[in-house]
Amino acid sequence: MKTEADWKYSPVLLCRPDIHPYDLPRMRPSFPRTEGRQVQEEEYRIRTSTLRYWLIGILAVSAILFIVMGILVTMFFSQIIDNFIYKELVLKVGGETYEMWRKPPVEPQLKVYFFNVTNPRDFLQGEKPIFREIGPYVYNERWEKVNFTWHPNGTVSYQPTRTFFFNREMSYGDESDLVQTLNIPLVSAADQMKYAVKLTRLALGSMLGVLNQETFTVRSVRDLMWGYNDSLFKLAKDVMPPENVVPHDLFGLFVGKNGSASDGVFTIATGAKSMSNYAMIDNWNGMTNLPFWQSDQCNRIVGTDGTAFPPELTPNTTLHMFNPELCRAMPLVYYKDVVHNGVAGYRFGPPINAFDTPATNPDNACFCPPGTMERDGNCGIKGLFNISSCKFGAPMAVSWPHFLHGDPKLVEDVVGLNPDINRHGFFLDFQPKLTIAMSAAARMQINLMLSKVEDIKQVVGLREMAFPLFWFEDGIDKLPDDVSQKLKMVAEMPEAARAGISYSMFGLGGILLFCVALMIWKRMKSKSYGAGGVNNADVEFEKRTDAVTVHKTNGKSRPAEDSDLPR
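Residues numbered from 1 in each chain as written. Predicted model: local features only at pLDDT ≥ 70, side-chain atom pairs only at ≥ 80, totals over all residues. Heavy atoms only, no water.

**Section: the environment of Gly342**
What counts, and what does not: Each helix is a run of DSSP H or I of at least 4 residues and each strand a run of E of at least 2, with the numbering of both proceeding from the N terminus. Think of it in three bands: residues with accessible area under 20% of the maximum for their type are buried, residues over 50% are exposed, and the middle band is partly exposed, with areas taken using a 1.4 Å probe on protein chains only.
Within the secondary structure, Gly342 sits in the loop between strand 9 (328–340) and strand 10 (343–349). Note on Gly342: relative accessible area 41%, which makes it partly exposed. The spacing of Gly342 and Gln485 is 143 residues in sequence and 9.2 Å in space, taken between C-alpha atoms.

**Focus: the nonpolar core**
Rules: Grouping buried Ala, Val, Leu, Ile, Met, Phe, Trp, Tyr and Cys residues that are joined through side-chain atoms within 4.5 Å yields what is termed a nonpolar core.
Ranked by size, the top nonpolar core spans 109 residues in total, and within it Phe114, Met225, Ile268, Leu448, Leu450 and Phe467 carry the most contacts. Here this core takes 8 residues from strand 15 (residues 465–476), the largest share from any one element. Leu59, Ala63, Leu512 and Val516 belong to the second-largest nonpolar core, a separate cluster that totals 5 residues.

**Some thoughts on the packing of aromatic side chains**
Selection criterion: Only Phe, Tyr and Trp rings take part, Trp by its six-membered ring, and two of them pair if their centres are within 6.5 Å. Stacked means planes under 30 degrees apart, edge-to-face means over 60, and tilted covers everything else.
Scanning the model with the defined rule gives 38 aromatic pairs in all. Between Phe148 and Tyr158, the ring centres sit 6.4 Å apart and the planes meet at 35°, which makes this aromatic pair tilted. Placement of the pair is Phe148 in strand 2 (residues 131–151) and Tyr158 in strand 3 (residues 155–166), with a sequence separation of 10 residues. By relative accessible area, Phe148 is classed as partly exposed at 23%. Residue classification places Tyr158 among the buried residues on the basis of a relative accessible area of 0%.

**Describing the pattern of salt bridges**
The criterion, for reference: Salt bridge, as applied in this entry: a Lys or Arg side-chain nitrogen positioned within 4 Å of an Asp or Glu carboxyl oxygen.
Applying the stated criterion across every chain yields a total of 17 salt bridges. Across the pair Arg102 and Glu99 runs a salt bridge whose closest N-O atoms are separated by 3.1 Å. Of this pair, Arg102 and Glu99 both sit in helix 3 (residues 96–102), 3 residues apart, roughly one helical turn. A salt bridge links Arg162 to Glu141, with the shortest nitrogen-to-oxygen separation between them at 3.4 Å. With a gap of 21 residues between them, Arg162 in strand 3 and Glu141 in strand 2 connect regions that are remote in the sequence.

**What to know about helix 6 (residues 198–210)**
This is how it is decided: Here, expected helix span is obtained from the residue count minus one, scaled by 1.5 Å. Directions are taken from the helix axis to each C-beta atom, and the arc is the one they span.
Between its first and last C-alpha atoms helix 6 spans 19 Å; for 13 residues at 1.5 Å apiece the expected length is 18 Å, and the two agree. What helix 6 keeps buried is the set Arg201, Leu204, Gly205 and Leu208. Along the long axis of helix 6, the arc covered by the buried residues comes to 100°, so they all point the same way. Facing away from the buried side of helix 6 by over 90 degrees, the exposed positions are Leu199 and Val210. Downstream of helix 6 by one or two residues, Asn212 has phi in the positive range, about 60°.

**Overview of the pairing of strand 15**
Spelled out, the test is: Here, strands pair whenever DSSP counts at least two bridges between them.
The buried fraction of strand 15 is high, at 12 of 12 residues. The pairing of strand 1 (residues 109–117) with strand 15 spans 6 bridges and is classified as antiparallel. Following the sheet pairing, Phe114 is matched in strand 15 by Phe470. Bridging between strand 14 (residues 436–450) and strand 15 involves 11 bridges; their strand directions are antiparallel. When the bridges of strand 15 are listed, Leu450 appears paired with Met465.

**Observations regarding the pairing of strand 3**
Successive side chains on a regular strand alternate, one facing one side of the sheet and the next facing the other. Here strand 3 lies mainly inside the structure; 9 of its 12 residues are buried. Relative to strand 6 (residues 266–269), strand 3 runs antiparallel, the two being bridged by 4 bridges. When the sheet's bridge partners are listed, Thr155 is paired in strand 6 with Ala269.

**Focus on the state of the cysteines**
The cut-off we apply is this: Counting rule for disulfides: a pair of cysteine sulfur atoms within 2.5 Å.
Per the counting criterion, the structure on display carries 2 disulfides. Each sulfur of the disulfide joining Cys298 and Cys366 lies 1.7 Å from the other. Residues Cys298 and Cys366 share a disulfide whose torsion about the S-S bond is about 60°; that sign makes it right-handed. With Cys298 in helix 9 (residues 296–299) and Cys366 in the loop between strand 10 and helix 10 (372–376), this residue pair connects regions lying 68 residues apart in the sequence.

**Remarks on the side chain of Asp356**
Applied cut-off: Residues scored as charged are limited to Lys and Arg (positive) and Asp and Glu (negative), so that His and the chain ends carry no count.
On the secondary structure map, Asp356 appears in the loop between strand 10 and helix 10. Of the side chains with opposite charge, Lys382 lies nearest to the buried Asp356, which makes no salt bridge, at 4.4 Å.

**Some points on unusual backbone geometry**
The omega torsion across Gly135 and Pro136 is 10°, close enough to zero to call that bond cis. Within the secondary structure, Pro136 is located in strand 2. For Asn212, which is not glycine, the phi torsion reads 60° and is therefore positive. Inspection of the secondary structure puts Asn212 in the loop between helix 6 and strand 5 (216–220). One non-glycine residue, Phe403, lies in positive phi territory at about 60°.

Shown next, in the form of structure tokens:
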């Protein structure tokens, strides 16, 4: 009969019913070793160790490569994408950008508001003129550039055209609506004689009487826009100096503009040489300087035609837009951030002091018409830009609508004008990556500069003042949906792709580095554990074997009947 001690130290452990199998230490069976087997085991250990080192090395190199690639993507991916985009921006026949630039896939609208004079007789007797603004009269536009000439220096010449189509549904009324305003040809003729001798002025007054010319006229919107026959206008073409002869047979505010290439020949950079001067004007009608102003600074033709601008717009950028009708390049500066259809952009517009006098804006000194300072002792009034030098001598001036940002006296001299920055401001909203206009409202007002002229009875009662004729808004409310989606993709996709690729590279590199560190740690731990040699391992095995005790449950020996082993 075996005692507890016999069971406890029995060498046949698997036959002990009081010891659960999970209480047994894991033991590696020992087999008799031969010399050949020892050699095989040694070769196996060497091969296994070599493969492990190779694996660690490959993983480490891969991790470093992924991290380096992530750094390179972070540094150069945007530049690579930008170069690709810039390549697509270059104006060349057959390119998508060229086709959109040649014939924009938008439908701009021209909205015209006329100032109808309601008290002409009282005005001539000294009262303030009372205006009733009527409009808008809306015209859909189709823009197209024609007559291309490509030059080997990376420039192209063309002529811009605009065709207008009256939009009755969106208009205040019909083109047959009547407007009462000043007789512009008569006032212009009288102004030309302002400094002539008395006899000449009297002769002009008599001639105006024969031609039945009156101070005010009533014309339809269609006539004022696109021209009408005027006897004085025709006579003036025969007697005026050649440089002041208007190249039209009809008189109208937009005569010769519909469907014609009257804005001249522009030569601009295509971007093939550099994106820094993309779409910038090289010359206009073969000129790099205008002949109207007193210095090269004001005469210089700079900027673009307003339909394209160099990419990479920032709030610190100052753009310039050359307009032949304005006879100058208008600067555009940053206003604020905007969002259109989910696309972030910048709002730009002219500086508030763009039409200031030299007293507050010295840069405008060279825009004073020749002889103005010497004759009048000043250079006009704040808020007005005199364009008579480039409008055949006609006493015309431009301003912002309702004299916005102008001298308060301009508004005080009339009744019916109320400047509002939101309704009368000039702005362009750009997507900054490509500097493409997402929305634009180019607003300006045309004024007749009145002065007192003696001895001509038809203009008796006129006095020094700016007389508003009409104002207009030319631009687009929004881009087509497909164009907006492309802009959004260009704005967001490169950055998202750069972030995704770089983060993926860094992530993979970090994971591989962690795996390498873990493998090295386990290898070092294994070596440290086996540093005592085979004898120490055997001693440890014996200790673990001798330490096996009867399996207990809740502090008591496990009954034999609970054992899963046969007795």
